[in-house]
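# Chains, contacts and geometry: an overview
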Amino acid sequence: MKLENKRILITGASSGIGLELVHQLLQISGVQVVGVARNIKTLENIDSRYLFPLSLDVTLPENVEIMINESGVKMGGIDIVICRAGFAYYEQFENCDYGHISRIYETNVLSPLYTLEKFIQKTSGKISFVVLSSALGKFGLPGYALYCSTKYALDGFHDSFHFEPHKRLHFMTVYPIGVKTNFYERIHTDMPLPRPFQSADITAKTIINGLKRRKHRVYTSKAFLIIFTINRVLPFLVWSYQKFQQYIRRRMFRLRVQTWGIVVNRDFQ
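Fair warning: this is a prediction, and the values are worked out from it, not measured in the lab.

The rules behind these values
Residues numbered from 1 in each chain as written. Predicted model: local features only at pLDDT ≥ 70, side-chain atom pairs only at ≥ 80, totals over all residues. Heavy atoms only, no water. Axes fitted to C-alpha atoms, helices over the stretch in contact; angles between N-to-C directions. Helix = DSSP H or I, 4+ residues; strand = E, 2+ residues; numbered from the N terminus. Parallel < 35°, antiparallel > 145°, perpendicular 65-115°, else oblique. Left-handed = near helix turned anticlockwise from the far one by under 90°. Contact = heavy atoms within 4.5 Å. Nonpolar A, V, L, I, M, F, W, Y, C, P; charged D, E, K, R; others polar. Phe/Tyr/Trp six-rings, centres within 6.5 Å; stacked < 30°, edge-to-face > 60°. Buried < 20%, exposed > 50% of the residue type's maximum accessible area, 1.4 Å probe, protein only. Lys NZ or Arg CZ within 6 Å of the ring centre and 35° of its normal.

### Considering the packing of helix H4 (residues 98-121) against helix H5 (residues 145-161)
- Direction vectors running N to C along H4 and H5 enclose 25 degrees, while the axes themselves pass 9 Å from each other. Between H4 and H5, the angle falls in the class roughly parallel. H4 and H5 meet at a crossing whose hand is right-handed. The segment H4 lies against H5, with His100, Ile101, Ile104, Tyr105, Asn108, Val109, Pro112, Leu113, Leu116 and Ile120 engaging Leu146, Tyr147, Ser149, Thr150, Lys151, Ala153, Leu154, Phe157 and Phe161.
- Across the contact of H4 with H5, the residue classes tally to 14 nonpolar, 4 polar and 1 charged.

### Quick notes on the packing of aromatic side chains
- Scanning all chains against the criterion turns up 8 aromatic pairs.
- Taken together, a centroid distance of 6.5 Å and an interplanar angle of 65 degrees make the contact between Tyr144 and Tyr147 edge-to-face. Note on accessibility: Tyr144 and Tyr147 belong to one class, buried.
- Ring geometry for Phe157 and Phe161: centres 5.0 Å apart, planes at 15 degrees, overall stacked. Pair noted here: Phe157 and Phe161 are both in helix H5, with a separation of 4 residues, about one helical turn.
- Over the ring of Phe87 we find Arg103, and its NZ or CZ is 4.3 Å from the ring centre.

Below you can see the structure in the form of structure tokens.
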């Protein structure tokens, strides 16, 4: 698929992978981008007449409809939607309450699925929809139970939805590995992140190449794909990694209880 002159809507566009996608897509001839985030200061600093920042909380269903409608007006239609908005908790699950659980599911699962529904309803012609799951949507890690479960949900949706007939829709799910951005450096750097890391620009390039090739699943790390494939035959490899992460988590939580508390809200891809 050629991306020249496409009209693209990106959620979670103010930082990390979303912001890098904005920068790279604007380099393609004729591409227009609506960048959606709660805080759009970084988007407003980008000097481009083809970028339209839009400040919205996409966890609210009424805002999803506003987002689709306004994006269509600003760009004269929408060809591609990329749902990047999402976040993670690193925590012990027993410290959660209902609102805590609801917030991450509304952001990571309900919002992109409702966006897909409205995108299909309010457009015509050939369209593409991209949702960012995670490598942690393929296997779980201690401390990320809620986050992993939301990404498993997206992976399960892909498995089922892929078999439904949608002649005009190209649906793509992306599985990034950990992307360490400046956001991570602004808060507690002692928190263990799933490894290996990958830069946001490489991740964005992989997503764009997946769009061009109209792929259905995109794994941004070849190393992860190899490990994931081998694990089907030798499952103890990932199990060993999970046990190692469990050991780290126990040490970190003991330290955290003594210093700055247990539950931390973190941005993740």
